[in-house]
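# Per-entry structural report
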Amino acid sequence: MTVRILPTAAVGTAALLAIGLAACGSDDSSNGDTGSSDSKATLSGSITGAGATFPQPVYTEWAADLKEQGLTVNYQGIGSGGGIAQFTAGTTDFGATDSAMDDDELKAAEAKGTPVHIPSVFGAVTVSYNVSGVEKGLKLDGETTANIFLGKVKKWNDASIAKQNEGVTLPDADITVCHRSDESGTTKLFTTYLAAYSKAWEDGPGVDKSVDWPTGTGAKGNDGVAACVKQTDGAVGYVEEAYALQNQFTFASLKNKAGQYVEPTLDSTSAAGDGVDVPEDLRFSAINAPGDASYPIASATFLLVYQDLCKAGADEAKAKNVKAWLDYALGDGQSKAESLNYAPLPSAILEKAKAKVAGLQCNGAAIG
Amino acid sequence: MSTPDTTLGGARPSLELGRALRSRIDGPVRQVLTAVAALILVLIAYFLLRLYLEARPVFANYGALNFVTDNAWVPSKDSFGAWPLIAGTLITSVIALIIGVPVAVASALYITELAPARIRGVLTTLIELLAAVPSVVYGLWGVFFLIPKIRPAEQWFSDTFAFLPFIGGGTVAGPNYFIAGLILAIMIIPIISSISREVLDTVPREHKEAALALGATRWEMIRMAVLPYSRAGISGAAMLGLGRALGETIAVTLVIGNAPRIGESIFSQGYTLAAVIANEFGEAASDPVHRAALIAAGLVLFMLTLIVNFIARWFVTRSEKRLSAAAAASHAPVQTAGAKA
Amino acid sequence: MTSPAAPLRSLPTISAARRRKDKAARSIVAVLTGLALVPLALVLFYLFQQGLGAWSVDFFTTDPTGRSCFPGQTSCDIGGVRSAIVGTVEIIALASAFAIPLGIAVAVYLVEYGKKTKFANTVRYFVDVMTGVPSIVFGLFVYIVLVVAGIGGSWGAWKGSVALALLMLPIVVRSSEVVLNLVPDQLRESALALGSPRWKVITSVVLPTARSGLITGSLLAVARAAGETAPLLFTAFGAAELTFGLSGQMNSLPLQIFNDVRAPQDAIVQRAWGAALLLVLMILALNLIARLAQRRSKIS
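Quick notes on the rules
Residues numbered from 1 in each chain as written. Chains lettered and ligands numbered in written order. Predicted model: local features only at pLDDT ≥ 70, side-chain atom pairs only at ≥ 80, totals over all residues. Heavy atoms only, no water. Core = buried A, V, L, I, M, F, W, Y, C linked by side-chain atoms within 4.5 Å. Buried < 20%, exposed > 50% of the residue type's maximum accessible area, 1.4 Å probe, protein only. Helix = DSSP H or I, 4+ residues; strand = E, 2+ residues; numbered from the N terminus. Contact = heavy atoms within 4.5 Å. Patch = residues over 30% accessible without salt bridge, like charges linked within 9 Å, V, L, I, M, F, W, Y side chains within 5 Å. Areas by Shrake-Rupley, 256 points an atom, 1.4 Å probe, with all protein chains shown as cover. Salt bridge = Lys/Arg side-chain N within 4 Å of Asp/Glu carboxyl O. Lys, Arg positive; Asp, Glu negative; His and termini not counted. Charge placed at Lys NZ, Arg CZ, Asp CG, Glu CD. Buried area = accessible area lost by both parts, 1.4 Å probe. Polar contact = N/O pair within 3.5 Å; in protein donor to acceptor, adjacent residues only side chain to side chain. Disulfide = S-S within 2.5 Å. pLDDT = per-residue confidence, 0-100.

What follows covers the nonpolar core. Ranked by size, the top nonpolar core spans 205 residues in total, and within it Phe47, Val58, Phe67, Trp73 and Ile183 of chain B together with Leu180 of chain C carry the most contacts. At 17 residues, the largest contribution of residues to this core is made by helix α4 (residues 82–114) of chain C. In this structure valine 58 of chain B touches Gly63, Phe67, Phe80, Val289, Ala292, Ala293 and Ala296 of chain B, once residues within four positions along its chain are discounted. Among the nonpolar cores identified, the runner-up in size contains 89 residues, and Ala242, Leu254, Val276 and Ala286 of chain A belong to it.

Below, the discussion takes up a negative patch on the surface. Together, Asp102 and Asp104 of chain A together with Asp78 and Asp287 of chain B make up a negatively charged patch on the protein surface. By the secondary structure assignment, aspartate 104 of chain A is in helix α4 (residues 103–109). Looking at aspartate 104 of chain A, the relative accessible area reads 64%, which means it is exposed.

What follows concerns unusual backbone geometry. Backbone geometry places asparagine 258 of chain B, a non-glycine residue, at a positive phi of 55 degrees. Considering the arrangement of structural elements, one finds asparagine 258 of chain B in the loop between α9 (250–255) and α10 (273–284). Owing to a relative accessible area of 5%, asparagine 258 of chain B belongs among the buried residues under this scheme. Even without a glycine there, the phi angle at lysine 115 of chain C is positive, about 50 degrees. With respect to the secondary-structure elements, lysine 115 of chain C resides in the loop between α4 and α5 (118–131). Note on lysine 115 of chain C: relative accessible area 42%, which makes it partly exposed.

Another aspect to go through is the pattern of salt bridges. Residues and elements named next belong to chain A. This model, assessed by the stated rule, comprises 36 salt bridges over all chains. Notably, a salt bridge pairs lysine 336 with aspartate 65, separated by 2.9 Å at the nearest N-O pair. One end of the pair, lysine 336, is in helix α13 (residues 332–339); the other, aspartate 65, is in helix α2 (residues 56–68), with 271 residues separating them in the sequence. For the pair lysine 336 and aspartate 65, one class covers both residues: buried. Salt-bridge contacts for aspartate 172 lead to lysine 155; the nearest nitrogen and oxygen are separated by 3.9 Å. Taken together, the positions of aspartate 172 in the loop between α6 (159–164) and β6 (176–180) and lysine 155 in the loop between α5 (142–150) and α6 put the pair 17 residues apart, joining distant regions of the chain. Lysine 155 gets classed as partly exposed once you look at its relative accessible area, which sits at 31%.

A separate point is the interface of chain C and chain B. A common way to report how large an interface is uses the accessible area buried once the components associate. The interface is formed by 84 residues belonging to chain C together with 89 residues belonging to chain B. Between chain C and chain B, the buried area comes to about 8000 Å², and carbon and sulfur atoms account for 79% of it. Between the two partners, chain C and chain B, sit four salt bridges. Arginine 291 of chain C is the partner of glutamate 128 of chain B in a salt bridge, and the nearest nitrogen-oxygen pair spans 3.0 Å. Where chain C touches chain B, the interface holds twelve residue pairs in polar contact (both at pLDDT 80 or more). Mapped onto the side of chain C that touches chain B, the elements with two or more residues apiece are α2 (16–51), α4, α5, α6 (135–147), α7 (157–181), α9 (198–226), α11 (253–260) and α12 (266–299) of chain C.

For the rest of this paragraph, the subject is a nonpolar patch on the surface. On the surface, Leu49, Tyr52 and Leu53 of chain B cluster together into a nonpolar patch covering about 280 Å² of accessible area. Examined against the element boundaries, leucine 53 of chain B turns out to sit in helix α1 (residues 2–62).

This part is about the state of the cysteines. Note: disulfide means a covalent bond formed between the sulfur atoms of two cysteine side chains. Residues and elements named next belong to chain A. Scanning all chains against the criterion turns up two disulfides over all chains. Here cysteine 310 pairs with cysteine 362 through a disulfide, and the sulfurs are 1.8 Å apart. Of note, the bridge from cysteine 310 to cysteine 362 carries an S-S torsion of about -100 degrees and is left-handed in sense. Here cysteine 310 is found in the loop between β12 (298–306) and α12 (316–330), whereas its partner cysteine 362 is found in strand β13 (residues 361–362), with 52 residues between them in sequence. Accessibility assignment for this pair places cysteine 310 and cysteine 362 in one class, buried.

Looking at chain C as a whole, its pLDDT mean stands at 87, while 93% of the residues score no less than 70. Averaged over each element, pLDDT in chain C is lowest for helix α1 (residues 5–10) of chain C (50) and highest for α4 of chain C (94).

Set out below in structure tokens:
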């Protein structure tokens, strides 16, 4: 007696294979969306991008907007490093990274042409806490924050905290530190701020996407740290601004370079970009920016494209689509980002970014 | 008289022809299967080789021995000592096996030997349902449900038994080795249980009935007739479960704390080889040495799996030899008695 | 003449100690079995609690839009997981079509032909090594070998299937080998003695006898593959819209869950749990169908 299941399964999988291979190729327009009869369905085709997880909600929102115009943008948040690697390998049409490429990464990417950094939105890192009786806006400066995360300051009513917060009743509770356990640009931003104000931090854990944390519990992702903070009384952790604003966390007001205690808001985040010295290739960092209204842990996130897209491997249609994506990002996309709790680019930087996009080329000619 | 002969004579050639044809397929079938096995061997060899090539930069920069023995995994300082990862992998896997194997084998035993026939099918499906849950769900359930719920119990245990090694006192971390091992145990139970169940099902009825006829209780029958027969199969199942435990990435990385050091107790945070790859690859992809280090961590994991499986197979072969020798020895006197009679 | 009482007296009586041991052992086994079911109940309850609310007609019939829909945005739709469902079915079906026949074939070779030869042992050890490989490494391997090299375009759902097939292969081979080894040699020998060629012995005697175990092993492999994200991340890449073509990017349930569960919006997180619940029930359905089909073919 022969085994009967295998033939049935084989037929089934063969059928599926047939469907799959028959429908292979581009299927992005087979979606049957109804609401775009009046919108300018002037674009077509699809492009792919990968990279930072921080701006992923914004990018997928922009992608949904562009979908209505006919262009499919497929973005996956695999991490800034992954974004740079894919961009360099040429498997994606654009990359995305939270911090600008360093010299080694730049050199590797230069094999295909000149990489261009285009800032898209600004974001910030909040210091969020869960302390009974303490409202939003606890004042902390860089050194105290570093000492908390170094494990030197162990209680909420420590003198260094109380000194900055006259009139606030601080409980005699232990501080539990929550930090990221995975590699992330958010960690790099946060540690850059700490290192700027604490020699002990700079010499110790240092600045990187992932460091050896002297104390505290590791959690994966923003949501992990958020859960860690929420679940433990007396916990403190660093969380992306969009996430913190969305979930109404209590976060601290940090002391910036000008000596002011600033609350993380979209305005203070964009303000950080105003004072920063921006180099020609737009590879800048806005951490610890000058200016009274600047939030000290703010930074831009970047989109990566090649200066000459076609020489790097794209065809003309694709180059056009990538430019349309970038135009939208720096155009209508900015107000969309704001509605999602991401800070739009400050005007000076926005103009520079737009100039960069206008200067993109396909085989030496401007992209139509 | 010749008629039956001729019909039989007429039928015989076609019978023989059929048999010859069918036997002729035997050779090619054997060759094809051998070729398939060889193909898989080549594929796996290529897999290992390719990954070794990717991992070479870290061995060149950092040194293979240092990679395995240094207790310092700090990528930001270009330090790639994987020893805390290896230790974490071993600790969590051992915990997973200690908890998982007895539970899984017990459930398989229960289903095949002790459960009333009506609920056998239901129990089987329920255990297999454990395998249907995606690993990320186990991890998240661990983070949001299990860790907060179990923490008071862990703290009590840690305080009460602080005199035992590896348990000792101090505050229990939320995510820790024990929770990771526990979640791994839950994940490997369905594998070990399902395959053990199939194994236990094939124990010949005569063995079992013979034991019962000799007056054994049900448990004694299981111990004498069922378990020895199934030992090889159950250990194969356990090895598959162990493989899962060694290589589980996402669930572990959510509940172990990802601290690249060796904790003093099972309630400290730790890290494993698989978790580090999942955690760091997204960001490390653009740094050749870091990326090579992560792939090298994978290679170390392969070595570990190979060594453990080797030991297990050797152990099983040895106990099987002993088993068949004992069986041969017990048969001999009966034969001589029969020969005499 | 023997009295009726005599035969009874000659049987050994079970001592109270042995009876107690028996009872204790059986209770322990039952308790441990119950213990195995406790986490299942807890996890399923948690899944239902978190995810059932996401289920709706839209959940099954629309694709994820990519929008975040902050509270306050009234006419905003986050969409469902249709493209993920289709993607999972296709990718897993293709992976199974690769892995299950190949795996069983290798196991048949090891048990029937290879036996204890050096070659067979080498294959065994190599397959053993594969059982412990983290899923992400399979994805990386396929990424390096197929995606970066640009074989058949860059991203491709079929490449994700290849990565998953590599994941499934050692599970199928190992479990099938265990089960095939348990088919009694007498069965093989009697069939051979009757004049049956070896291959026919395999297809008519060995495989049918081991069928239940082979199915169990294959289902375990499928369940494992269906829940994995990492191998797909660098191969199939993921997508929001519905695609049927296995040669391009494709969404899948684990990928969708992985992306959604990190979001700050509650509705999106709930969608992730809904997708997880769906995945579990899909695999359960597959299990039940396979068992039913097996039972039916046994009767006929």
